[in-house]
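# Descriptive analysis of the structure
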Amino acid sequence: MNNYIKYFGIALLVIALDQAVKMLVHFQMDFGTPGQIPVFGDWFKLHYTTNPGMAFGMELGSEYGKMILTSFRLVAMVGIGYYLHYIIDKKNHPVYILCISMILGGAIGNLVDSVFYGVWLDNAPYNAPTPWLHGQVVDMFYFDIWEGYIPEWVPLWGGSYTALWPIFNIADASIFIGVAIILIFQNRFFPEKKAEETIPEA
């Protein structure tokens, strides 16, 4: 029981911190460039913006695309939550369980925005059929590495003026760190799989 409290508690901590920062940004900062706050020179800033679709501002091309995306996130969150419960039961590597907790917390953090912010913060797109499930995700951390026009031949982003590094939030960072640690240390987390792969080679 203590492990369930610890690891689901970590996910809850990520959610609480993510939502607290988003509320502070929304109510204490001006939107966009006028409200931008330099933190470390010109390369790291707080910049209040919203993301109406998927990662990097992509959207599903239909009137109900956002609702479909939010529903998918809800299903994914339930699946990750069930998987976290499963690996705690199986006593997997504690750092791997920690990473899944961080991913779950990040997924729920952004899901809260999508489900409720259209109503709570009135930030649903003007053409949304309903504010529910159409909230825009609040982003604020901005590494200003490079900005400029992308050549027309580049898929998806070609012809647009964009920044090299997307603006993100605590939920995004939690998911990214969790996934990165799993990829880097996967041989430690899944030693039996590595052993199975080396047997045929031997």
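In the block above lies the structure referred to throughout.
A short tour of the structure in this document, coming up. (Residues numbered from 1 in each chain as written. Predicted model: local features only at pLDDT ≥ 70, side-chain atom pairs only at ≥ 80, totals over all residues. Heavy atoms only, no water.)

Where helix 1 (residues 2–28) contacts helix 3 (residues 94–120), the two axes come as close as 8 Å, and the packing angle between them is 40 degrees. It follows that helix 1 is oblique to helix 3 by the angle criterion. Judged by the twist between their axes, the crossing of helix 1 over helix 3 is right-handed. Of the residues belonging to the contact of helix 1 with helix 3, the class tally is 14 nonpolar, six polar and three charged. (Axes fitted to C-alpha atoms, helices over the stretch in contact; angles between N-to-C directions. Helix = DSSP H or I, 4+ residues; strand = E, 2+ residues; numbered from the N terminus. Parallel < 35°, antiparallel > 145°, perpendicular 65-115°, else oblique. Left-handed = near helix turned anticlockwise from the far one by under 90°. Nonpolar A, V, L, I, M, F, W, Y, C, P; charged D, E, K, R; others polar.)

What follows concerns the side chain of D113. Its place among the elements puts D113 in helix 3. According to the relative accessible area criterion, D113 is buried, its value standing at 0%. In contact with D113, other than residues within four places in its own chain, are Q19, K22, G118, G135, Q136, V137 and V138. (Buried < 20%, exposed > 50% of the residue type's maximum accessible area, 1.4 Å probe, protein only. Contact = heavy atoms within 4.5 Å.)

Spatially, three strands are ordered 1-2-3 in an open sheet, and the strand pairing comes out antiparallel. The open sheet has two edge strands, strand 1 (37–40) and strand 3 (137–143), and neither has a second partner. The average angle at which neighbouring strand axes cross in this sheet is 35 degrees, direction not considered. (Pairing = 2+ DSSP bridges.)

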